[in-house]
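Listed below, chain by chain, are the residues.
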Amino acid sequence: MFPRNCSSDTSATERDSESSGYPRVVGTYTRGLPGPHLLVTGGVHGNEPDGVHAVRQVIARLEERGTQLRGTLTGVAANRGGLARGARFITRDLNRRWLLDEMIQLLRRDPASDEGEDREQRELLHLLAPLLAAAREPLIFLDLHSTSGEGAPFACMADVIRNRKIAFALGVPVVLGLEEVIDGSMIGFFCDLGHVGVAVEGGKQGDPRTVDTHASAIWIALVAAGCLAAADVPDLVDHRRRLADMTRGLPRVIEIRHRHVVAEDDAFTMEPGYTNFQPVADHQVVAHDRHGPVRTPEAGLMMLPRYQSQGEDGYFLARPVSPFWLRVSAGLRRARADRLVRLLPGVERDPLRHDRMFVEADRPRAIDVFHLFGYRHQRAAGERFVFSRRRPDAIGVDDLPAVLRELLARDAARGG
Ligand SMILES: [Zn+2]
């Protein structure tokens, strides 16, 4: 599936490309030297092909230069059906349902009945499973997106220390907590297995600068991951400058505070002119739907305003996080202080799952405290918040859960 040489993947994928326009693996580059595997996906949303073009461009450049890369760079076109039609998705958002229960359900069904994104996800799981099984160090997963509205690039990650090394190296604002409000994202799936998962929003869809931004992010990530030395990338300074110039004056780290969920029959329409990072006031009218004006629940920074018609995310609100607290949280986690949270007042451990805590919901600061200690805010359950411990660093990486591996093997045996 991944040719171990320094040429792009062509033979099997040329045939595929005739049907959809995009082969599943758009390219892979390795010189057979040991090192990390940087796995880049583009087009998880089919109307965002910019990331696919960027990883192709980077691989072509590496081939021209014959660069001595340590490890492997692989580029994947994620939603081939969506890409072929230029649609965000065909039947459902492919950047959801990467949760264990939902993947088991998918794999238990007959592949012949798959349509749209179910088929894409099944194929991606078959592609990823051998990589996850072979990984002796965390895979570095970079998921490239672009936005329907104008705005500066940024990165998203779950706040575990291993993700910070890659995300902060990019020099663009880093958004924490998107994976808390969006269940089952691909970066969340990788992170939960102990790998690195960072998403990059590269700018507006179809703007040629977005491909350049994504390419810069890939080059910088290759250096941050240790696949390349800075000297291996002759224009590294330009890549860094490009991302710095585009994000000058923006906060370096923000966290998501609110997600406006859109139902299919809501007739949601964003007010024109909103961009990422734009400050908005409390109670400001930012959109309309069939119930009337949509007002912000608090003041903050506008993120991902929806100027296309598909998906459940209307817009997000965020606020800056101080670098001081990021350093404090890194220290706490290095000291393994996360075990202490269960001693805090009002905290109760789930008797069935020791990595889960319940907290009385009348303690709104609890979310901040649990974030510091590396916990994920899952949801409010009645009167209580539910937090789960994110997979910490330095305890090795997990293979896919056995049940998924068995289902994938059964699938492969059936399909040949
Ligand atoms: Zn996207």
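Counting of residues starts from 1 at the beginning of each chain's written sequence and follows it residue by residue. Restriction of local features to residues with pLDDT of at least 70 applies here, the model being predicted, together with a cutoff of 80 or more for giving and counting side-chain atom pairs; totals for whole chains, interfaces and linings are based on all residues. Excluding hydrogens and water, the side-chain values take into account all heavy atoms of the structure.

Draft legend 1. Representation of the coordination of the zinc ion in the model. Coordination here is defined by N, O and S atoms within 2.8 Å of the metal (3.2 Å for Na, K and Ca), and since water is not considered, a site can look incomplete. Donor atoms from the polypeptide that bind the zinc ion are His45 (ND1), Glu48 (OE), Glu48 (OE) and His145 (ND1), placed at 2.0 to 2.5 Å. Here a site with four donors is tetrahedral if all angles are between 85 and 135 degrees, and a site with four or six donors is square planar or octahedral if opposite donors are over 155 degrees apart and the other angles are between 65 and 115; anything else gets the irregular label. Coordination geometry of the zinc ion: the four donor atoms subtend angles of 55 to 146° at the metal centre, consistent with an arrangement described as irregular. In primary-sequence terms, the residues that donate to the zinc ion follow H-x2-E-x96-H. By relative accessible area, which is 4% here, histidine 45 ends up buried. Whether a residue is buried, partly exposed or exposed follows from its accessible area with a 1.4 Å probe, protein chains only, as a fraction of its type maximum: under 20%, in between, or over 50%, in that order. Judged by its relative accessible area of 2%, glutamate 48 is buried.

Draft legend 2. Up close: the packing of aromatic side chains. The rule is short: rings of Phe, Tyr and Trp, with Trp giving its six-membered ring, pair when the centres are within 6.5 Å, and they are stacked under 30 degrees, edge-to-face over 60, tilted in between. For the structure shown, the criterion picks out five aromatic pairs. Ring geometry for phenylalanine 189 versus phenylalanine 190: centroids 5.5 Å apart, planes at 80°, classification edge-to-face. For the pair formed by phenylalanine 189 and phenylalanine 190, the shared burial category is buried. What links up through ring pairs into an aromatic cluster is the set Trp98, Phe141, Phe189 and Phe190.

Draft legend 3. A look at the sheet that holds strand β4 (residues 140-147). Between any two strands, pairing holds if DSSP finds at least two bridges. Runs of H or I in DSSP of at least four residues are treated as helices and runs of E of at least two as strands, each being numbered from the N terminus. Pairing is mixed in the open sheet, where 11 strands are placed in the order β1-β3-β2-β4-β7-β5-β6-β8-β14-β13-β10. A single partner strand is all that each edge strand has here, and the edge strands are β1 (25-30) and β10 (278-280). Averaged over all neighbouring strand pairs, the angle between strand axes comes to 30°, with direction disregarded. The sheet strands contacting helix α2 (residues 50-65) are β1, β2 (33-42), β3 (70-77), β4 and β7 (196-204), and the helix crosses β1 at an angle near 30°. To define axes, lines are fitted to C-alpha atoms, for helices over the stretch in contact only, and angles between the resulting N-to-C directions are given on a 0 to 180 degree scale. Any two residues whose heavy atoms approach within 4.5 Å at even a single point are treated as in contact.

Draft legend 4. Region of interest: helix α6 (residues 161-169). Considered for burial, the residues of α6 that qualify are Arg162, Asn163, Arg164, Ile166 and Ala167. Looking one or two residues past α6, glycine 171 carries a phi angle of roughly 75°, positive in sign.

Draft legend 5. Structural detail: unusual backbone geometry. Here arginine 97, not a glycine, exhibits a phi torsion of approximately 60°, which is positive. Looking at the element boundaries, arginine 97 is found in the loop between α3 (80-85) and α4 (100-108). One non-glycine residue, histidine 283, adopts positive backbone phi at about 70°.

Draft legend 6. A look at the sheet that holds strand β12 (residues 292-295). Judged by pairing direction, the sheet is antiparallel, and its three strands sit side by side in the order β9-β11-β12 without closing on themselves. Each edge of the sheet is formed by a strand with only one pairing partner; in this case those strands are β9 (269-270) and β12. Here strand β11 (residues 285-289) pairs with β12 via four bridges, running antiparallel. Bridging from a neighbouring strand, aspartate 289 pairs with glycine 292 of β12.

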